[in-house]
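# Coordinates in review
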Amino acid sequence: MEKFVSSQPQYSLLHRGPEQALIPLSVRSGISQIVWSPLAQGVLTGKYRPGGDLPRDSRAANDAINGFLNEAWLRPKVLEAVQALRPLAAEAGLTLAQFALAWILRQSNVASAITGASRPEQVDENAGTSGHAVAPELFESAERIIGGAAPEV
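Rules of the game
- Residues numbered from 1 in each chain as written.
- Predicted model: local features only at pLDDT ≥ 70, side-chain atom pairs only at ≥ 80, totals over all residues.
- Heavy atoms only, no water.
- Helix = DSSP H or I, 4+ residues; strand = E, 2+ residues; numbered from the N terminus.
- Buried < 20%, exposed > 50% of the residue type's maximum accessible area, 1.4 Å probe, protein only.
- Pairing = 2+ DSSP bridges.
- Core = buried A, V, L, I, M, F, W, Y, C linked by side-chain atoms within 4.5 Å.
- Contact = heavy atoms within 4.5 Å.

A few words on unusual backbone geometry. Of note, the phi angle at S37 is positive, near 60°, even though the residue is not glycine. When you line up the elements, S37 lands in the loop between β2 (32-36) and α2 (76-83). Relative accessible area serves as the criterion here: at 8%, S37 is assigned to the buried category. A positive phi angle is found at A40, which is not glycine, with a value near 50°.

Here we come to the sheet that holds β2. Across the sheet, three strands lie side by side as β1-β2-β3; this open sheet has parallel pairing. Of all strands in the sheet, those bounded by a partner on one side alone are β1 (6-7) and β3 (110-114). In terms of strand pairing, β1 meets β2 through two bridges, oriented parallel. The residue of β2 that forms the bridge with S7 is Q33.

Counting 35 residues, the largest nonpolar core has L14, V43, L44, L85, F99 and V134 as its most contacted members. When residues of this core are traced back to their parent elements, those giving at least two are α2, α3 (86-92), α4 (96-105) and α6 (136-147). Tallying contributions element by element places α4 first for this core, with eight residues. Beyond its immediate sequence surroundings of up to four residues, L85 is in contact with L13, L44, L96, A142, I145 and I146.

See below:
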């Protein structure tokens, strides 16, 4: 009988549900995670601004591809919390998107993160996350900031 070697959950700083049972079970069972939507459908890039219009070229503005977008993530309180992560990312020497990816990759049970990109420079930015060590305190601060605003953490 073949044994599972990986799981593919949605996981991000805004969608932490896998931490409750899936990741602990996976750790005990030797199963790693290949996560999808680590940037929370682009919300964790900071491109959605509180009180601002949706960028025309964004996933949220495109009805053909926004079916998986959690609309609660577009609430002003959540978007304000995401913007509040910018100084933490800057302190780590990363962009906001890179910081969110580094947060995902800090989890030893995460083998890989599936990212989407609509432009080559986004691929470069995402790849630029690799190898960055971030102080755990910055991630703890990020978790507190998002935890106080996000509807699902």
